[in-house]
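Descriptive structure summary
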Amino acid sequence: MLKETTTFIEKVVKEKLGDFVPEIGIVLGSGLGELADEYCDLAIPYCEIPGFEASHVSGHKSRLVFAKINDKNVVMMQGRFHYYEGHPIQKVVFPIKVMKKLGVKTVILTNAAGGVNPAFNPSDLMIITDHINHMNVNPLIGPNDDEMGKRFPDMSEVYSPELVEMVRKTASKLGIDTQEGVYMALTGPSYETPAEVRMARIVGADAVGMSTVPEAIVAKWAGMNVIGISCICNSAAGVSTVALSHDDVIHAANIAKDRFKTLVKEVIGNL
Ligand code: HPA
């Protein structure tokens, strides 16, 4: 399937954009998809791509967007596949493998997350420094594709300190405040209980969310550089005194989106 998908995409890209090899891949999280509206040289709806499926979460479009941003060739996922939608984990990470095959060297994974660290506020941007996989599934389970990566890949520096520093400095030059921390992924789709959030804090998480980690694991395994940026959309359950809602999450992402876009654009230029 990987070959079929890649060949299909390469053909469409060639027809519409000529020689265009994306070197940066971006996964745009809930409420953060606008970058791909602003920069769009070619959009392929997921429903037209063999091996892809439509993403049904509100706040997500479902298309693969190609664009030149800051002189770099970029491919963006406007909407991702979540495990909680019922997709097998292989489907969730499939686009990352496709990105690798298309020539992507660095992926920027973005998401909406709940703040576990009490110092975080809604609409803060957090540079991910590490993650905790609490989804009870690993996307590398199964036969290993030795061409793409090793059976037992090292995960000591999924989010390289150099890139974390680059994003930090880029934000600082732009006058954008950022937080840094550890992202813990749970399957969702229910938000966490306060007890689960206390557990997350105790084991070292600063934010919780329902995505990103499977994609980061596969990207690292496949030899790509990984940058992770969370938009802290709410204080997680128990840290917050009010009930959580997806509408509030999207609202907070909306408040952050201009800062987010400015930061990502500049980060792209610095890669
Ligand atoms: N928990 C999990 N995922 C989320 C949250 C949260 O509080 N906010 C946005 N995505």
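As a starting point, this report considers the structure included with it. (Residues numbered from 1 in each chain as written. Predicted model: local features only at pLDDT ≥ 70, side-chain atom pairs only at ≥ 80, totals over all residues. Heavy atoms only, no water.)

**Some words on the site of the ligand**
The environment of the ligand is made up of Ala112, Ala113, Gly114, Tyr191, Glu192, Val208, Gly209, Met210, Asn234, Leu244 and Val249. Glutamate 192 is positioned such that a nitrogen or oxygen atom in its side chain is 2.8 Å from a nitrogen atom of the ligand. Burial of the ligand by the protein chains amounts to 95% of its free accessible area of 260 Å². Among the cavities detected, the one that contains the ligand is the largest pocket. (Near = heavy atom within 4 Å. Polar contact = N/O pair within 3.5 Å; in protein donor to acceptor, adjacent residues only side chain to side chain. Areas by Shrake-Rupley, 256 points an atom, 1.4 Å probe, with all protein chains shown as cover. 1 Å grid on protein atoms, 1.4 Å probe; cavity = no way out; pocket = protein on both sides within 12 Å on 5 of 7 lines; lining within 4 Å. Sits in = over half its atoms within 2 Å of the grid points.)

**A word on helix H3 (residues 89-102)**
The end-to-end C-alpha distance of H3, which contains 14 residues, comes to 21 Å, matching closely the 20 Å that a straight helix rising 1.5 Å per residue would cover. Within H3, 10 of the 14 residues are buried, which leaves the element mostly enclosed by the surrounding structure. Ile89, Val92, Val93, Phe94, Pro95, Ile96, Lys97, Val98, Met99 and Leu102 are the residues of H3 that are buried. Against helix H1 (2-17), strand E1 (24-28), strand E3 (63-69), strand E4 (72-78), strand E5 (106-115) and helix H6 (213-221) lie the buried residues of H3. Looking at the residues trailing H3, positive phi occurs at glycine 103, about 115°. (Helix = DSSP H or I, 4+ residues; strand = E, 2+ residues; numbered from the N terminus. Expected span 1.5 Å × (residues − 1). Buried < 20%, exposed > 50% of the residue type's maximum accessible area, 1.4 Å probe, protein only. Contact = heavy atoms within 4.5 Å.)

**Here we look at the nonpolar core**
For soluble globular proteins, the rule of thumb is that nonpolar side chains tend to be buried together. If you look at the biggest cluster of nonpolar residues, it comprises 84 residues, and the most contacted ones within it are Ile9, Ile26, Phe66, Met76 and Ile108. If you tally residues by element for this core, the top one is helix H7 (residues 246-270), at 9 residues. Setting aside chain neighbours within four positions, we find phenylalanine 66 in contact with Ile9, Val13, Leu17, Phe20, Pro22, Cys40, Asp41, Leu42, Ile44, Val74, Val75 and Leu102. (Core = buried A, V, L, I, M, F, W, Y, C linked by side-chain atoms within 4.5 Å.)

**Description of the state of the cysteines**
Summed over all chains, the structure comprises 0 disulfides. A disulfide-free cysteine, cysteine 233 has its sulfur positioned 3.7 Å from the sulfur of cysteine 231, the nearest such atom. When its relative accessible area of 3% is taken as the criterion, cysteine 233 is described as buried. (Disulfide = S-S within 2.5 Å.)

**As for the layout of surface pockets**
Size it by volume and the largest pocket reaches roughly 310 Å³. Residue lining of the largest pocket: 21 residues in total, with Ser30, Ala112, Tyr191, Met210 and His246 positioned closest to the centre. Sorting the residues of the lining of the largest pocket by element identifies E5, strand E8 (207-209), strand E9 (225-235) and H7 as the ones contributing at least two each. Element by element, the count of residues in the lining of the largest pocket is highest for E5, at 4 residues. A per-class count over the lining of the largest pocket returns 9 nonpolar, 10 polar and 2 charged. (Points joined across faces, edges and corners; volume = space filled by probe spheres on them. Nonpolar A, V, L, I, M, F, W, Y, C, P; charged D, E, K, R; others polar.)

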